[in-house]
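Examining the three-dimensional arrangement
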Amino acid sequence: MFQCPICEQNTSIPVGGASVLPQNLHLGFEVEVAGYMSKMTSNSDVACDQCAEGSSDPAVVFCCACHHFLCTFCLEHHRRNRMWSKHKIVGLDQEGARQLHATMKPRDYYCSQPNHEDNELNFYCETCSLLVCLHCTTVTHKSHSVKEISTVAKTHQMEISGALEDANEVVTKLTGAIDENKRMIEQVEISSRNAFLAINQAFEILQQTLEERKKTLLSELEAISLSKTTALTLQKEQFEKMVGDIGHYTDMASQILQTHTDHGIVALGGLIPTELQATLKRVQTISLTPNQHSNISVSLKTDDLVRQLSKLGEISVFFPSPSSCTWMSTSVAKVGTRYHVKVQSKTSKGEEYPHGGVEVKGEMRSKTHNGAVVYGEVEDHRDGTYTITLTPQTAGPHQLLITMDGQHVQNSPNDLDVRPKRDYHTLCNAQQVIQCNRPYCVAIHDNGDIYVGSYDHCIYVFDQTGQLKNTIGSSGSGDGQFSYPHGISIKGNVLYVADTYNHRVQKLTSSGKFLHKFGQYGSGQGQFNRPLAVIIDSNNKLIVSDHYNHRIQIFNKNGGWLLTIDGNGTGNHSFQYPWGLALDPQGNINVAAHGSNTIKVFTKEGVGGVMVECEDDTLASYSEDEKEMEKAERAVEWKMAKKRKLHDVRCFAMRIYFGVGLQCVSYTVPATVLRSRAESTTKKYLGAYQRWRTWADARQGVPSFPVQGASSGAVQ
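Before going into details, it helps to say that this report is about the structure given with it. Values in this document were obtained by computation on a predicted structure and should not be read as measured data.

1. Side note on the overall build of the protein
- Secondary structure summary: the protein contains 15 helices and 33 strands in total.
- For the protein, contacts bridging at least 24 residues in sequence account for 53% of all contacts bridging at least 6.
- As displayed, the protein has an accessible area near 40,600 Å², and 52% of this comes from carbon and sulfur atoms.

And the structure:
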């Protein structure tokens, strides 16, 4: 076994010895150079390669082109020859060896096959992976795949250059990672030092507090002990005085009785009993029990304190992991309106991180308008959550970028559509009266134009003041014609129409020029049975409610089928007769299914199916909102909604909720506004629409059905 000097892998010597190993010209050249350098830096004389054998003149230089050592005489001859005069010559020393390694190039390689020794190896046999000469290509490699070495070299050169670019890119990333590791090591040292100081400071405070408390307790103990001792001492002295007084009179009485005559007893007998009795009476009036008890107890509860101190503090090594952190938007992105994003920091295990102090940044980049950037204001709530507030300045597609410590959080960057700001008071001042047969759906262009789908089998286009600008389409099944268009969506200058009774979706310009159509009657992939709604997500995917097929189909912008969310079946995925569609700020797909009287919430991958019931009592619970809506001239007929299922408000009752809670991207209005009585006019519709939007905008921030996140599709 030996280690290959190129790939550094352990290799067994094959049968036949090292001579049968693949030829490596690069390695051979390196060995050749190493041999020359060894001779140049040795202290021994090196023979001249040009002189005849037996010459005593040692070499003094080396020719990097000829690969020859030259003596003084041969060097002069070398310089005089025109062919060799420009060859690189180096001295036989350390500097010469260094120059040799930097400037010496391989000599021409010749074939080693018999009778081919004078032929250069100018070809490469791809079949045998060998360098061959011209003669070899006509003999042993005649039927093989042979190419000129320059062609093969260019190919390998490109591959090597590409590998070098990849390597440089990886090295750049690794260098950045190394720098980040160095920064992190410094941060660890800083964090460790700060933690060390915090621990010392905390325990110094604890020690100081304990010492002060000890002094306080000892001082109290001393005061109590002194008070008790003083009181007991005074009582003792009082008792001792009484004992002395009694002893004085008893001694005097004993002496009189023993030594005095009757005359003496008579003279003193009346005094002694009187004084003695008085003293005895004083004793009877006082308590002979000590006026202080001896107990002085202390309650320290040290067991609990010791247990708490034994668990005091915690060295926390977990930290928020940006890739695990989640976020959700809490409002609609509108030009000039504050847009809020709430970020929840989490550890790598998905656990919520309960502390603040992490660097969180947010920015909104326009995909148009020369990539204009809006930077967010970040509020750290110190509990692991952050609120980013951005105010977009331009309408259209944007990217929302949220980073934590310089790294993107989960689902960042994220595509985001910014809506233009509307003046709904201007919108309701339309003077022109247009008779519409059941205006059914609405979409708004970035420039403010309003597109209204109608049972007149056409789409009316109004400007922001309500003036009719254009009429798109007519009744029929041809390109650009419609049969009861129930759903429309517009993005940029492209209009998509759910051409319901033609069982297809049409793609037109915003001015009405036909571009493309897809779908036909049926239940197969990409076929429809009365598509009722079409919406566009931030990735330009089309989402279509396939009503009578009980499913949602997702297509690319050109109508190529991508995914089906099938409502047939049981469980959370089950739904019947899907009608209205809406996207919440996280990109979740909200489906109003009038057959099951529910709203289903799916992720953009079709996962989820969380259900929100919309029974009569649910709709009836909005009594305060009903009063507000009545003030707006009953833009939504709530009493009707209470009595009928979701299909009677054409499933757009859900959009009222989204306007209140989820701030749905769609501006579609309740169908009871659009499908008012046959004699209703566009002016009346526009007025009701303005009042409904004013109400819905005013109610934003009071969530009814807040969606938690795109990954779960959960609804609270």
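2. A few points about the pattern of salt bridges
- Under the counting rule described, the total for this entry stands at 18 salt bridges.
- For R80, the salt bridge is made with E76, and the minimal N-O distance between the two is 3.4 Å. Here R80 and its partner E76 are both found in helix α2 (residues 72–80), four residues apart, which amounts to about one turn of the helix.
- With its nearest N and O atoms 3.7 Å apart, the salt bridge here joins K173 to E169. In this pair, K173 and E169 are both assigned in helix α5 (residues 149–259), four residues apart and thus about one turn of the helix distant.
- Judged by relative accessible area, which is 45%, E169 ranks as partly exposed.
- Here the salt bridges do not stand alone but share partners, grouping K241, D245 and R282 into one network.

3. Some words on the sheet that holds strand β13 (residues 377–380)
- The sheet built from four strands is open, its strands ordered β9-β10-β14-β13 with antiparallel pairing. What marks the edges here is a single partner per strand, and that holds for β9 (326–329) and β13. The mean angle between the axes of side-by-side strands here comes to 20 degrees, regardless of whether they run parallel or antiparallel.
- As paired elements, strand β10 (residues 339–344) and strand β14 (residues 385–390) share six bridges and run antiparallel to each other. Note on β14: the bridge partner recorded for K342 is T387.

4. Describing unusual backbone geometry
- Along the chain, S412 connects to P413 via a cis peptide bond; the corresponding omega equals 0 degrees.
- Along the polypeptide, P413 turns up in the loop between β16 (407–408) and β17 (414–418).
- Here K301, not a glycine, exhibits a phi torsion of approximately 50 degrees, which is positive.
- Structurally, the position occupied by K301 is in the loop between α7 (271–285) and α8 (302–310).
- For K301, a relative accessible area of 63% gives the class exposed.
- Residues other than glycine seldom take positive phi values, yet N411 does so here, at roughly 65 degrees.
- With respect to the helices and strands, the residue N411 is situated in the loop between β16 and β17.
- Exposure remark for N411: the relative accessible area of 42% places this residue in the partly exposed category.

5. Re the environment of N529
- With respect to the element layout, N529 can be found in the loop between β25 (514–518) and β26 (531–536).
- Each C-alpha atom, one on N529 and one on N549, is 5.9 Å from the other, the two residues being 20 residues apart in sequence.
- Residues contacting N529, with those up to four places away along its chain left out, are H503, Y521, G522, D546, H547, Y548 and N549.

6. A closer look at the sheet that holds strand β21 (residues 468–472)
- As summarised here, the arrangement of the four strands in space is β18-β19-β20-β21, forming an open sheet in which the pairing is antiparallel. Since the sheet does not close on itself, it has two edges, and those belong to β18 (439–444) and β21, each with one partner. Adjacent strand axes in the sheet meet at a mean angle of 20 degrees, parallel and antiparallel pairs treated alike.
- Here four bridges tie strand β20 (residues 458–462) to β21, and the two strands are oriented antiparallel to one another. Note that in β21 the partner of I459 across the bridge is I472.

7. With respect to a nonpolar patch on the surface
- Judged by side-chain polarity, I199, F203, L210, L305, L309, L312 and I315 come together as a nonpolar surface patch covering roughly 610 Å² of accessible area.
- Of all the secondary-structure elements, those providing two or more residues to the nonpolar patch are α5 and α8.
- Of all the elements, α5 adds the most residues to the nonpolar patch, at three residues.
- For L312, the location among the structural elements is in the loop between α8 and β9.
- Under the relative-accessibility criterion, L312 is labelled partly exposed at 42%.

Rules of the game
- Residues numbered from 1 in each chain as written.
- Predicted model: local features only at pLDDT ≥ 70, side-chain atom pairs only at ≥ 80, totals over all residues.
- Heavy atoms only, no water.
- Helix = DSSP H or I, 4+ residues; strand = E, 2+ residues; numbered from the N terminus.
- Contact = heavy atoms within 4.5 Å.
- Areas by Shrake-Rupley, 256 points an atom, 1.4 Å probe, with all protein chains shown as cover.
- Salt bridge = Lys/Arg side-chain N within 4 Å of Asp/Glu carboxyl O.
- Buried < 20%, exposed > 50% of the residue type's maximum accessible area, 1.4 Å probe, protein only.
- Pairing = 2+ DSSP bridges.
- Axes fitted to C-alpha atoms, helices over the stretch in contact; angles between N-to-C directions.
- Patch = residues over 30% accessible without salt bridge, like charges linked within 9 Å, V, L, I, M, F, W, Y side chains within 5 Å.

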